[in-house]
Amino acid sequence: MVKRDIHANRIVVKVGTSSLIHPNGAVNLETFDQLAYTLSTLNNQGKQLILVSSGAMGVGLNKMHLKKRPEEIGAQQALSAIGQSELMTLFTQRFNHYLTDIAQVLLTHDIFDYPKSNRSVMDTFNCLLKDNVIPIVNENDTVATDELDHKTTFGDNDQLSAIVASHMNADLLIVLSDIDGFYNHNPHKFADAKMIPTVSNITNDTFTVAGGTGSRFGTGGMQTKLLAAKRMLDENRQMVLANGKDPRIILDILAGRQVGTWFSKVCATS
Ligand SMILES: Nc1ncnc2c1ncn2[C@@H]1O[C@H](COP(=O)(O)OP(=O)(O)O)[C@@H](O)[C@H]1O
Ligand SMILES: N[C@@H](CCC(=O)OP(=O)(O)O)C(=O)O
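Residues numbered from 1 in each chain as written. Chains lettered and ligands numbered in written order. Predicted model: local features only at pLDDT ≥ 70, side-chain atom pairs only at ≥ 80, totals over all residues. Heavy atoms only, no water.

1. As for the packing of aromatic side chains
With the rule as written, the count across this model stands at 4 aromatic pairs. Arranged with centres 5.7 Å apart and planes meeting at 65 degrees, the rings of Tyr37 and Tyr98 form a pair that is edge-to-face. With Tyr37 in helix H2 (residues 29-44) and Tyr98 in the loop between helix H4 (73-97) and strand S3 (102-107), this pair connects stretches of sequence that are 61 residues apart. An aromatic cluster is built from Phe32, Phe91 and Phe95, whose rings are joined through pairwise contacts. (Phe/Tyr/Trp six-rings, centres within 6.5 Å; stacked < 30°, edge-to-face > 60°. Helix = DSSP H or I, 4+ residues; strand = E, 2+ residues; numbered from the N terminus.)

Listed below in structure tokens is the structure:
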């Protein structure tokens, strides 16, 4: 089987709520553990890693014994604040087990648009990476709302991960979701949907087959993942969308194995 031409040293990995939380609302401990194992392994090999993790709201729902997200935005932000510290506790426990240091970085989508903030964020990331510490990023849900005049809607870590990959000049963005890749139709609605292994160009037509969220915990659906992929392609970077049920798939991706959907201009010529 032909291998994908993927050479990446600086890698941003985004993991969605649907990979971290079971459909019954409980925390998926296996995913946390395998994510910590995989990223620690790569960190030990000298790769530079940034993890963008959703899940604050999902973990918060579980902690507060709630079955669904409240509608009011303030209540969602409160839940996210509860869940975020719990989320980091889970990561700290698992990464400690693999002797890897982590740090929490909370960002808004537009933070890079302000030169002073941009410099502080970049300095923080660069210092952490230099010290082999893995930054774990989430959107700062407490401040990220339209009401506060931010430019994007609340709760979209797919695009946040692309913004981070772009500003940190990452070679590769890996988006882990609850689906094997990008399909020609939403596979949860069309039984005959087929996965597309490689995408080298994203047009308006591509967006027409990308639907909304699949689980009751995810927020972005395929639309926001495609927007992230488009940004990566426009900047000549690569993105792989793959199933996060076993995060060790990241090792397969980096070995060039044909898993998930590979968004790359390189694949147009190979
Ligand atoms: N064309 C498509 N290909 C794959 N998944 C799609 C497509 N259109 C819509 N989806 C939905 O997008 C979901 C993944 O997004 P989401 O639920 O937000 O996950 P995450 O929590 O990982 O961000 C899939 O489970 C699927 O239901
Ligand atoms: N900051 C929110 C992120 C929401 C979000 O983007 O969720 P997902 O679609 O699962 O990546 C949280 O941690 O719940």
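2. Re the UniProt feature "binding site: substrate" (unreviewed entry) in the protein chain
When the UniProt feature table is mapped onto this chain numbering, "binding site: substrate" (unreviewed entry) sits at Ser54, Asp141 and Asn157. These annotated residues cover 104 residues of sequence, and their C-alpha atoms lie no more than 10.7 Å from one another, placing them together at a single site. You can see Asp141 is positioned in the loop between strand S4 (134-139) and helix H6 (157-167). Taking relative accessible area as the criterion, Asp141 reaches 9% and is therefore assigned buried. Relative to the assigned elements, Asn157 resides in helix H6. Exposure remark for Asn157: the relative accessible area of 7% places this residue in the buried category. When near neighbours in sequence (up to four residues on either side) are disregarded, Asn157 contacts Lys14, Val52, Ser53, Ser54, Asn138 and Glu139. (UniProt positions renumbered as here; feature names shortened; annotations may be inferred. Buried < 20%, exposed > 50% of the residue type's maximum accessible area, 1.4 Å probe, protein only. Contact = heavy atoms within 4.5 Å.)

3. Here we look at the packing of helix H3 (residues 56-63) against H4
Between H3 and H4, the shortest axis-to-axis distance is 6 Å and the interhelical angle comes to 95 degrees. Taken as axis vectors, H3 and H4 run roughly perpendicular relative to one another. Contact with H3, carried on its side by Ala56, Met57, Val59, Gly60, Leu61 and Lys63, involves Gln76, Leu79, Ser80, Ile82, Gly83, Gln84, Glu86, Leu87 and Leu90 of H4 and no other residues of that element. Along the lines of polarity and charge, the residues of the contact of H3 with H4 split into 8 nonpolar, 5 polar and 2 charged. (Axes fitted to C-alpha atoms, helices over the stretch in contact; angles between N-to-C directions. Parallel < 35°, antiparallel > 145°, perpendicular 65-115°, else oblique. Nonpolar A, V, L, I, M, F, W, Y, C, P; charged D, E, K, R; others polar.)

4. Some thoughts on the packing of H2 against H4
Packed helix pairs are specified by the crossing angle of their axes together with the interaxial distance, meaning the distance between the axes. Here H2 crosses H4 at 55 degrees, and the two axes come no closer than 9 Å. Relative to H4, H2 is oriented oblique. Here H2 runs over H4; the crossing is right-handed. Together, Leu29, Phe32, Asp33, Leu35, Ala36, Leu39 and Ser40 of H2 and Leu87, Leu90, Phe91, Arg94 and Phe95 of H4 make up the contact between the two elements. Classifying every residue of the contact of H2 with H4 by side-chain character gives 9 nonpolar, 1 polar and 2 charged. (Left-handed = near helix turned anticlockwise from the far one by under 90°.)

5. Concerning the sheet that holds S4
Spatially, the 8 strands line up as an open sheet ordered S3-S4-S2-S1-S5-S7-S8-S6, and their pairing is mixed. If you trace the sheet from one side to the other, it starts and ends with S3 and strand S6 (198-199), each paired once. Both strand S1 (residues 10-15) and strand S5 (residues 172-177) contribute to a ladder of 5 bridges, which runs parallel. Across the sheet, the residue bridging to Ile11 is Leu172, located in S5. Packing against the sheet, H2 makes contact with S1, strand S2 (48-53), S4 and S5, and its axis sits at approximately 160 degrees to S2. Sheet contacts for helix H5 (residues 115-130): S1, S2, S3 and S4; angle to S3, the most-contacted strand, approximately 165 degrees. (Pairing = 2+ DSSP bridges.)

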